[in-house]
Amino acid sequence: MSKKFRHVVTLMLIAALFGIQNVGAAGVLKIGLSSEEGTLNPYTYKTETGIDLVRLVYDPLFQIDKDLVSRPWLVKSFTLTENNLLLTMKLHENVKWHDGKPLTSADVKFTYEYIKKYPKSRFTNPAKNIVAVEAPDASTVVMKFQKYLPDMFFRPLADMPILPKHIWEKIDNPDASNVTVGSGAFMLTDVKPGEMYRMKANKDFFLGAPDVDEIVIPLIKDTTALFTALKAGSLDITTRNLSPELIRDFSADKRLKVLKGSGFATTMIYFNNERTPFDKKEFRQALAYAINRKEIVDVVILGIGTVGSMGFVHPDLGNYNSKINQYDYDLEKSKKLLDGLGYLDKNKDGVRERETDQGKALELKLLVYANNPLRVRAAELIKESFAKIGVKVAIIALDMAVVDNLVWPDFDAKNGRDYDMTMWGWGASSMNAMNRYVEMLHSDFARGPSNHGAYKSKAADAILDKLALEVDFGKRDALVVELQAVLAEEVPFVTLYYADQYFAYNPKAKDSWVYQKGKGPVTVLSFAKKF
Amino acid sequence: MKTTNNVFRLFLKGKAGVVGLVILSAFILVAVFAPLISPYPPYERVGTPFEQPSIKHLLGTNDIGQDILSEIIYGTRISLLIGILSAGVSLVIGTIVGMTAGYLGGKVDAVLMRAVDLNLVIPMLPLMILLAAFLGPSFWNIVLVIGILSWASPARVIRSQVLTIKNKGYVEAVEVLGAKPFYTIVKHILPPTMSIIISQLILMSSRAILTEASLSFLGLGDPTQKSWGIILYYAQARSAFLTDAWLWWILPPGILITILVISFAYIGNTLEEIVNPRLRRNVGK
């Protein structure tokens, strides 16, 4: 309810927000933000965009680079010994907090102890694997791990921002904290949650002073208002990528330049694998053959994206399996599978039925977020093509919270589910993250809390069990390749597309942007020359 | 008491009312004969997405290649239907409240009228937005939200009409003869109030159409329906304001909403001037 309320209030305030005006001075970069991010520290940010902004202010030990490789950041060099269980890190020596105090190993030790004391699930869960952190001297950190998990160089090491001990040791309610001192490329000078943030360049930044003097980040939730402001020159770039229908217009604009990259966020259709008729793999395969994913990409996102792979993994990734069955649109194959399952249209009303169901027509409900027009449109196209194989679809557009509650109550698959099919999507961070694959697909809900399609497969479980513990990157990729073959055979869901991302920016304000794969340009990578 | 005939003659004297009636009839004809008039079925994708207006598609195509003109023609049905249905709901509530308060008087009247006052001072659109967001997007929820939140002003008008009728000799006579209140209301008070109820129904319809368009535009309507408000919602969501598309995607439904609302208002106002006891002196002799 509170989310809805905020949405409503936003709508009513659009007019007011339109007026975010030029701040004007040279060296100022204006970034349009579309999500609210609290007081913008590691405990109060709200979304993935928020943590990207947090990283402008705070530094983690490692950083994920533009090709999604985890590389040392605050760390200058490291060694991994004792069966990969002891990580010894040397920190850069010239790093200072924004208040002038030096950043030392004591801060690192403090941070990793603090997140265990005051949980924030994103950071705390991966940090549970750390048994002890020692700081033998000011620039050395020694971390002892319980077991070697391949993902630890991503989370927590490249994820948890290091906090200044002298400030945070006094904070015992971090979720309500409003401290802003970090060590990163920018210092927060003005924080107005729900309105705007202002940051000043940190000239002493250990990776070199950033190329802009100041960043102003106004919050503009309404997409139209956001892009109007960009076009009118009141903004220099936005955290949100351009809507597909705007790309032609913005590309033609001489004052703006456009960055393009593949996006790893997915748009999918999920089946409730434990509900009849979806509990039969042949039924799900039949539906997959009847979805014209190419047409959905062409019509809904105007061809600006990649057709979804039946194995979920984006074709641009190294561990993409190009040999799996992609279920190219084929109504005849689909009909044959449905015939084989006993779904026939004996009464010739255009909808199939089955004798064992007392001739009840095959009518399925498809849930979709009412406030996501692209997904509603994709659902309409799916309905259209399912009608051609004699499967009737009722699209039910509901409020986001209501859909979530039917599909994934309390965001934990063990709480059950009540739906036939639903339009869905996972964010870019779910792509190529081994722990996410386990969470999304494991049939044991304790390990697969995100498996809200109730997909149960021994073959997939066996691969996921290995994947969770595999250390060798080559072997992990081989497992992911295998996993895709299983998914393509069993079709727990269909990945419809990965939308490409376009970002327009004003080159006069800043022209050197680094595009992080699957994410975009507004990250600290665009401001760290020496990384 | 006026006969229907009398009302009709007075109505024809007011030019605005006649203009409104002509326009409304045109809209109703379009709604009824939508399948014959519209160039394409509204749910069929007949062009490429975001086509500009052409001979084939007079108002271009929408974001998935459906013909916008056909959408608008079919949208007349939904918009009119939602308008009249929600006005109906509000009138049923308004009539019951107005009749009860006016006829029973006393404490019941006082309580009901305070409820009406309360309802009238609350800013309606924000409250409707909240309620619609709470109930979720669907055709019937919109009808319900508009209906249950806009009964106050018809209730008040109907009450004042009931008050005048109640003191007429024939009503008092029936009461003296021992008629039950329900019988008196239905048999002797409702019929002469009918004309005022109809004028209120028409006025409320125009408001309801506007409200439906506002709610749908804000994304609180059912996005799989094709009302004018939903057409506007998609136009806004797919950035028509940022491209030239607003000319053929936003202006036409916007203008049609305005015209339809005005036609209802013309008819309703003219009727009200004739039948409302408080406004009656303005018309006729």
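What counts and what doesn't
- Residues numbered from 1 in each chain as written.
- Chains lettered and ligands numbered in written order.
- Predicted model: local features only at pLDDT ≥ 70, side-chain atom pairs only at ≥ 80, totals over all residues.
- Helix = DSSP H or I, 4+ residues; strand = E, 2+ residues; numbered from the N terminus.
- Buried ≥ 20, exposed ≤ 12 C-beta atoms within 10 Å, placed from the backbone.
- Contact = placed C-beta atoms within 7 Å.
- Pairing = 2+ DSSP bridges.
- pLDDT = per-residue confidence, 0-100.
- Domains from an automatic or database assignment.
- Nonpolar A, V, L, I, M, F, W, Y, C, P; charged D, E, K, R; others polar.
- Core = buried A, V, L, I, M, F, W, Y, C linked by C-beta atoms within 7 Å.

Asks: Looking at this structure, how should I read the overall build of chain B?
Replies: Of the regular secondary structure elements, chain B holds 13 helices and zero strands. Its helices and strands in sequence order give chain B the pattern α-α-α-α-α-α-α-α-α-α-α-α-α, from N to C terminus. In terms of overall dimensions, chain B has a C-alpha envelope of 75 × 40 × 30 Å along the principal axes. For chain B, the proportion of its 285 residues judged to be buried stands at 48%. If you take every contact in chain B between residues at least 6 apart in sequence, the share linking residues at least 24 apart comes to 69%.

Asks: Would you take a moment to explain the sheet that holds strand S9 (residues 196–201) of chain A for this structure?
Replies: Two strands in a sheet stick together by hydrogen bonds in their backbones, pointing the same way (parallel) or opposite ways (antiparallel). Residue and element names in this part refer to chain A. One open sheet accounts for five strands, arranged S8-S9-S10-S1-S11; its pairing is mixed. Each of the sheet's edge strands pairs with one partner strand only, and the pair in question is strand S8 (186–192) and strand S11 (237–238). Inspection of the sheet shows strand S1 (residues 28–32) paired to S11 by two bridges, in the parallel sense. Residue pairing for S11: Gly32 is matched across the bridge by Thr238.

Asks: What is the right way to read the confidence of the model for chain B from this model?
Replies: Residue and element names in this part refer to chain B. Residues with a pLDDT of 70 or more make up 95% of chain B, whose mean pLDDT is 89. When mean pLDDT is taken per element in chain B, helix H3 (residues 34–37) scores highest with 96 and helix H1 (residues 4–13) scores lowest with 78. For this predicted complex, the interface confidence score (ipTM) comes to 0.82, while the overall pTM stands at 0.82.

Asks: Just to check I follow, could you spell out the domain arrangement of chain A for this structure?
Replies: One frequent convention defines the size of an interface as the accessible area lost when the parts assemble. All names here are of chain A. Segmentation of chain A into domains returns domain 1 (1–49 + 184–258 + 504–531), domain 2 (59–176) and domain 3 (266–499). Between domain 1 and domain 3, the C-alpha centre-to-centre distance is 34 Å. With eight residues of domain 1 in contact, the opposing surface of domain 3 contributes nine residues. By residue class, the composition of the side of domain 1 that touches domain 3 is two nonpolar, one polar and five charged.

Asks: Looking at this structure, I do not really get the nonpolar core. What am I missing?
Replies: Nonpolar side chains in soluble globular proteins tend to end up buried together. Among the nonpolar cores identified, the biggest contains 79 residues, and Leu366 and Leu367 of chain A are the most heavily contacted of them. Residues within four places of Leu366 of chain A in sequence aside, it is in contact with Ala379, Ile382, Lys383, Val393, Ala394, Ile395, Ile396, Asp420, Met421, Thr422 and Met423 of chain A.

Asks: Hey, could you run me through the interface of chain B and chain A in this one?
Replies: The partner chain A presents 25 residues to the 25 residues of chain B that form the contact. Secondary structure elements with two or more residues in the side of chain B that touches chain A: helix H6 (124–135) and helix H11 (228–237) of chain B. A per-element tally of the side of chain B that touches chain A places H6 of chain B first, with four residues. The class makeup of the residues in the side of chain B that touches chain A is 14 nonpolar, seven polar and four charged.

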